[in-house]
Amino acid sequence: MSAPASSPPPARRHQRFSLLRILTLAGGTFTQLVRMKVFYFMALFAIAIIAASFAFADLQTDGQLKLLKDVSLASMSLFSMLFAIAGTALLIPRDIEDRTLYTILCKPVPRLEYLLGKLLGMVFLIFISLVLMNLLFSAVLYLKEQAVLSQLISVLEQRQFPSREALEANIADVQERMAGQGLTWSLQNGILAIFLKATVLTGVTLFVSTFASSTIFTIMTSLAIMVIGQAQSIARDVLMGPDASLVPRIIAGAVSLFFPDFKNFDITDAVIAGATVPAVVMGKMIGLTVVYLTIHLMAAYILFSDKEL
Amino acid sequence: MFSIRPRKWLFAAGVLLLGGLARLPLEHRFSATLHEHRLAEEKLNLSLRDELGQSFFIAVLGGFRSLVASLVEIDNIQAWQDQNFAKVDAAYALCTRLQPRVWHYWDWRAWMKTHNAYDHYKYEDMSRPGLQPWIRQNLIDDGIAILKEGMKHLPDDFRLPRAIAWLMADFEKNQHASYYEASQWFYRAWQLRPHYRHLYRFHVYHLAQAPGHELEAWPLLLEMYHSGPIKSGNSDHTPSGETHLVRLLPKVQAMLPDAALPPELAARAPAILAADQERREAVERRLERERAQEEEVQEAILKMKR
């Protein structure tokens with residue numbers, strides 16, 4: 001006697017918007033980028049910061065720590081921006097070339113989800129890269145800070161001071177100075193700002209790549225937007241200021257309205273100098289990043305939804 | 001690019017435009033927040049382009065201002081080793097313009113003038129010895145002016161007023177040194193770092209040595225003496241404070257005949273005065289030795305130049 005035939009599982013209703021699909025696409029994008037051996041840059045980064053930590057021992061101790069932070073944060077910023085532009089510019093053309101795009105879009109996957117998945121995959125790659133760089137940087141900075149501190153205290157203890165009080169005052173001063181110049185939470189906020197800036201740049205590059213005819217066009221256009229974005233605040237000041245005449249105001253208006261203000265993410269100089277960043281500032285910066293992403297993603301979707309592939 | 005219909009282009013432009021209009025006030029407010037918390041970079045002066053060169057200027061525009069300032073400082077080491085202090089000052093001036101909120105550059109720019117250049121010019125151009133004190137005093141005055149300029153950008157940093165205080169207390173170098181001025185700068189530094197009690201104590205010690213301010217210093221020194229046992233916790237009771245009390249007593253008694261030391265201190269006063277006298281004599285001997293060495297070096301240089 002044959003077993004009764006089991007009834008087929010009920011067909012799952014197709015969801016118009018699925019977070020799972022987006023995450024699957026993001027995971028695929030991340031794997032695709034990792035296979036391009038992008039993490040080899042870590043070797044260069046390690047060489048840069050280890051060299052910076054040993055170089056120029058002649059500099060005053062504050063100067064040594066500052067140089068290490070300068071080189072490390074500048075490298076993080078540069079690598080993340082290059083990832084954001086070059087990596088994102090490659091995504092859609094590579095999918096077209098590999099025919100992956102057609103395989104994905106012939107299934108009931110909305111184009112918005114495809115774009116979101118690509119964006120998230122890229123952002124995740126930048127995040128992981130920054131976490132790795134940050135771990136290496138934090139370890140080197142901590143070791144350097146401890147070495148400098150013990151060296152300074154032993155020098156102070158060998159010096160002759162008019163009183164024990166003066167020696168203790170000098171040691172307290174050095175300890176506080178080093179605490180401000182070493183590993184701080186503010187530095188982590190600076191690195192978060194680098195990540196947010198790279199995220200906005202990823203959104204911009206994704207938007208450009210939806211209408212670009214070639215990868216090189218996407219890269220050059222995104223680089224130009226990044227450079228203009230660094231000076232957007234000047235245009236905004238002209239636009240909102242009382243003195244400008246009509247023509248400069250129109251030009252400034254166009255720049256202000258169409259380009260993001262990347263200067264708003266440049267807090268690394270202040271954190272390197274030892275400034276503290278309140279949580280509310282970081283909260284607002286994250287909010288601004290979400291606004292930029294939403295605008296660029298919407299514009300990208302409008303163009304991509306109509307694109308003949 | 002041309003496979004997209006013009007209508008979609010218009011839509012996308014509309015989204016960017018409306019999004020831009022919506023985000024513009026947000027961006028503006030956020031910039032103001034960054035300025036309020038002193039996190040935004042100071043505005044760039046376009047004349048920096050000539051001083052920095054094209055590539056450095058682009059790096060500065062690209063948000064790498066701190067790195068460029070560090071590179072300018074490193075580039076400056078050779079000038080320092082060559083004792084080209086005009087170039088050193090120009091480089092540090094550039095650093096302070098690039099990063100006016102970095103204490104290190106203001107401090108070092110002033111230090112280079114008031115210590116390194118000061119010592120260098122001591123032996124430079126000995127054929128005009130009459131000019132030397134004038135040059136050196138100018139260096140000290142410039143250093144103090146630099147620190148005061150730095151305070152405009154870093155009003156909350158205690159280290160700049162503290163550096164001025166030390167220069168105002170340096171009677172060997174600074175012809176305009178004043179104990180009272182020094183005490184006021186220490187006080188200002190202490191107000192910015194109230195938990196650094198030693199800054200407060202330095203304020204009182206210098207006030208005690210300022211002619212005409214003895215009666216102001218006396219109650220402060222007594223208060224410090226009574227703040228607790230010597231060398232304990234937050235106590236301001238220190239051996240230096242005791243010495244100043246004992247030294248100040250005759251001057252205060254001339255104005256306030258009832259003034260007296262606490263009994264326990266009065267018993268130790270002769271020993272404290274003797275130790276103080278010994279310390280002062282040792283300092284005087286050291287200074288005389290240094291002056292003699294300095295004169296020897298100056299004579300040797302003059303001979304070589306002849």
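1. Topic: the overall build of chain A
Then, number 1: When helices and strands are counted, chain A shows 12 helices and 0 strands.
Then, number 2: Tracing chain A from N to C terminus, the helices and strands come up as α-α-α-α-α-α-α-α-α-α-α-α.
Then, number 3: Relative to its length of 309 residues, chain A is extended, with a C-alpha radius of gyration of 25 Å against a globular reference of 19 Å.
Then, number 4: Along the first, second and third principal axes, the C-alpha atoms of chain A reach 100 × 80 × 35 Å.
Then, number 5: For chain A, the residues scored as buried account for 42% of the 309 residues in total.

2. Section: the overall build of chain B
Then, number 1: Each helix and strand in chain B was counted, giving 14 helices and 0 strands.
Then, number 2: Walking chain B from its N terminus toward its C terminus, one meets helices and strands in the order α-α-α-α-α-α-α-α-α-α-α-α-α-α.
Then, number 3: Here chain B has a C-alpha radius of gyration of 28 Å; the compact-globule value for 306 residues is 19 Å, and the former is much larger.
Then, number 4: Projected onto its principal axes, the C-alpha positions of chain B cover 100 × 60 × 30 Å.
Then, number 5: Counting across all 306 residues of chain B, residues that qualify as buried make up 32%.
Then, number 6: Restricting to contacts in chain B with at least 6 residues of sequence separation, those with at least 24 account for 47%.

3. Remarks on the environment of V131 of chain A
Then, number 1: Summarising the element assignment, V131 of chain A is placed in helix 5 (residues 111-158).
Then, number 2: Put simply, V131 of chain A and M76 of chain A are 55 residues apart on the chain and 10.0 Å apart in space, counted from C-alpha to C-alpha.

4. Some points on the interface of chain A and chain B
Then, number 1: At the interface, 48 residues of chain A touch 45 residues of chain B.
Then, number 2: Listing elements by their share of the side of chain A that touches chain B, those giving two or more residues are helix 3 (61-97), helix 6 (164-181), helix 9 (232-240), helix 10 (246-258), helix 11 (268-272) and helix 12 (279-305) of chain A.
Then, number 3: Per element, the largest residue contribution to the side of chain A that touches chain B is 9 residues, and it comes from helix 12 of chain A.
Then, number 4: When the residues that make up the side of chain A that touches chain B are grouped by side-chain class, the tally is 26 nonpolar, 9 polar and 13 charged.

5. Notes on the confidence of the model for chain B
Low-pLDDT portions of the prediction should not be read for the details of their coordinates.
All names here are of chain B.
Then, number 1: The share of residues in chain B with pLDDT of 70 or more is 95%, and the mean pLDDT across the chain is 88.
Then, number 2: Confidence, expressed as mean pLDDT per element, reaches its minimum in chain B at helix 2 (residues 48-52) with 76 and its maximum at helix 10 (residues 179-192) with 96.
Then, number 3: If you check the scores for this complex, the pTM reads 0.81 and the ipTM reads 0.85.

6. A look at the nonpolar core
Then, number 1: In terms of nonpolar packing, the biggest core is built from 139 residues, with I126 of chain A together with I164 of chain B touching the most fellow members.
Then, number 2: Ranked by residue count, the leading element in this core is helix 3 of chain A, at 16 residues.
Then, number 3: Residues contacting I126 of chain A, with those up to four places away along its chain left out, are S80, F83, A84, F195, A198, T199 and T202 of chain A.

7. Remarks on the packing of helix 7 (residues 103-123) of chain B against helix 8 (residues 132-153) of chain B
All names here are of chain B.
Then, number 1: Packing of helix 7 against helix 8 brings their axes to within 8 Å, and their N-to-C directions diverge by 175°. The angle between helix 7 and helix 8 falls in the class roughly antiparallel. Contacts between helix 7 and helix 8 involve W106, R109, A110, K113, T114, A117, Y118, Y121 and K122 from the first element and Q132, I135, R136, L139, I140, D142, G143, I146, L147 and G150 from the second.
Then, number 2: Classifying every residue of the contact of helix 7 with helix 8 gives 10 nonpolar, 4 polar and 5 charged.

8. Notes on the packing of helix 1 (residues 19-34) of chain A against helix 5 of chain A
Residues and elements named next belong to chain A.
Then, number 1: The geometry of helix 1 relative to helix 5 is characterised by a closest axis approach of 7 Å and an angle of 50° between their N-to-C directions. Classed by the angle they form, the pair helix 1 and helix 5 counts as oblique. The handedness of the crossing between helix 1 and helix 5 comes out as right-handed. Counted together, R21, I22, L25, A26, G27, G28, T29, F30 and L33 of helix 1 and E113, Y114, L116, G117, K118, L120, G121, M122, F124 and L125 of helix 5 form the full contact between these two elements.
Then, number 2: Residue classes in the contact of helix 1 with helix 5 are distributed as 11 nonpolar, 5 polar and 3 charged.

9. Some details on the environment of T215 of chain A
Residue and element names in this part refer to chain A.
Then, number 1: Positionally, T215 belongs in helix 8 (residues 215-230).
Then, number 2: For T215, a count of 17 C-beta atoms within 10 Å corresponds to the partly exposed category.
Then, number 3: Separated by 127 residues in sequence, T215 and T88 place their C-alpha atoms 9.4 Å apart.
Then, number 4: Those residues in contact with T215 that lie beyond four places of it in its chain are A89, L90 and P93.

10. Some details on unusual backbone geometry
Residues and elements named next belong to chain B.
Then, number 1: Despite not being glycine, R38 shows a phi value in the positive range, around 55°.
Then, number 2: Residue classification places R38 among the partly exposed residues on the basis of 16 C-beta atoms within 10 Å.
Then, number 3: Phi at Q83 is positive, roughly 55°, even though this residue is not glycine.
Then, number 4: One can find Q83 in the loop between helix 5 (77-81) and helix 6 (85-98).
Then, number 5: Overall, Q83 belongs to the partly exposed group, with 14 C-beta atoms counted inside 10 Å.

11. Quick notes on helix 8 of chain B
Residues and elements named next belong to chain B.
Then, number 1: With 22 residues, helix 8 extends 32 Å from end C-alpha to end C-alpha; this agrees with the ideal 32 Å at 1.5 Å per step.
Then, number 2: For helix 8, the complete set of buried residues consists of R136, L139, I140, G143, I144, I146, L147 and G150. Projected onto a plane normal to the axis of helix 8, the buried residues spread over an arc of 150° and lie on a single side. Helix 8 presents W134 and K152 as exposed residues on the side facing more than 90 degrees away from its buried surface.
Then, number 3: Next to the buried residues of helix 8 lie helix 7 and helix 9 (159-168).

12. Notes on the environment of F217 of chain A
All names here are of chain A.
Then, number 1: Within the fold, F217 resides in helix 8.
Then, number 2: The class for F217 is partly exposed, based on 15 C-beta atoms found within 10 Å.
Then, number 3: In this structure, the C-alpha to C-alpha distance between F217 and E165, residues 52 residues apart in sequence, is 66 Å.

Definitions and limits used
- Going along each chain's sequence as written, the residues are numbered from 1 onward.
- By the order in which they are written, chains take letters starting at A while ligands take numbers starting at 1.
- Totals for whole chains, interfaces and linings use every residue, but because this is a predicted model, local features are given only for residues with pLDDT of at least 70 and side-chain atom pairs only at 80 or more, for both listing and counting.
- Helix and strand definitions follow DSSP, with helices as H or I runs of at least four residues and strands as E runs of at least two, each counted in order from the N terminus.
- Note on method: radius of gyration uses C-alpha positions; expected globular size equals 2.2 Å times residues raised to 0.38.
- Here the C-beta atoms are placed from the backbone, and a residue counts as buried if at least 20 other C-beta atoms lie within 10 Å of its own, exposed if 12 or fewer do, and partly exposed otherwise.
- By the convention adopted here, residues make contact when the C-beta atoms placed from their backbones lie within 7 Å.
- Put simply, Ala, Val, Leu, Ile, Met, Phe, Trp, Tyr, Cys and Pro go in the nonpolar bin, Asp, Glu, Lys and Arg in the charged bin, and everything else, Gly too, in the polar bin.
- Within a predicted model, pLDDT stands for the predictor's per-residue confidence, ranging from 0 to 100.
- We define a nonpolar core as a collection of buried residues of the types Ala, Val, Leu, Ile, Met, Phe, Trp, Tyr and Cys that are connected via C-beta atoms lying within 7 Å of each other.
- Axis definition: a line fitted to C-alpha atoms, over the contacting stretch in the case of helices. Angles run 0 to 180 degrees between N-to-C directions.
- Under this scheme an angle from 65 to 115 degrees is roughly perpendicular, one under 35 degrees roughly parallel, and one over 145 degrees roughly antiparallel; angles in between are oblique.
- Should the near helix be turned anticlockwise from the far one by less than a right angle, the crossing is left-handed, and should it be turned clockwise, the crossing is right-handed.
- Given the number of residues in a helix, its expected span is that number minus one, multiplied by 1.5 Å.
- It is the directions from the helix axis to the C-beta atoms whose arc is reported.

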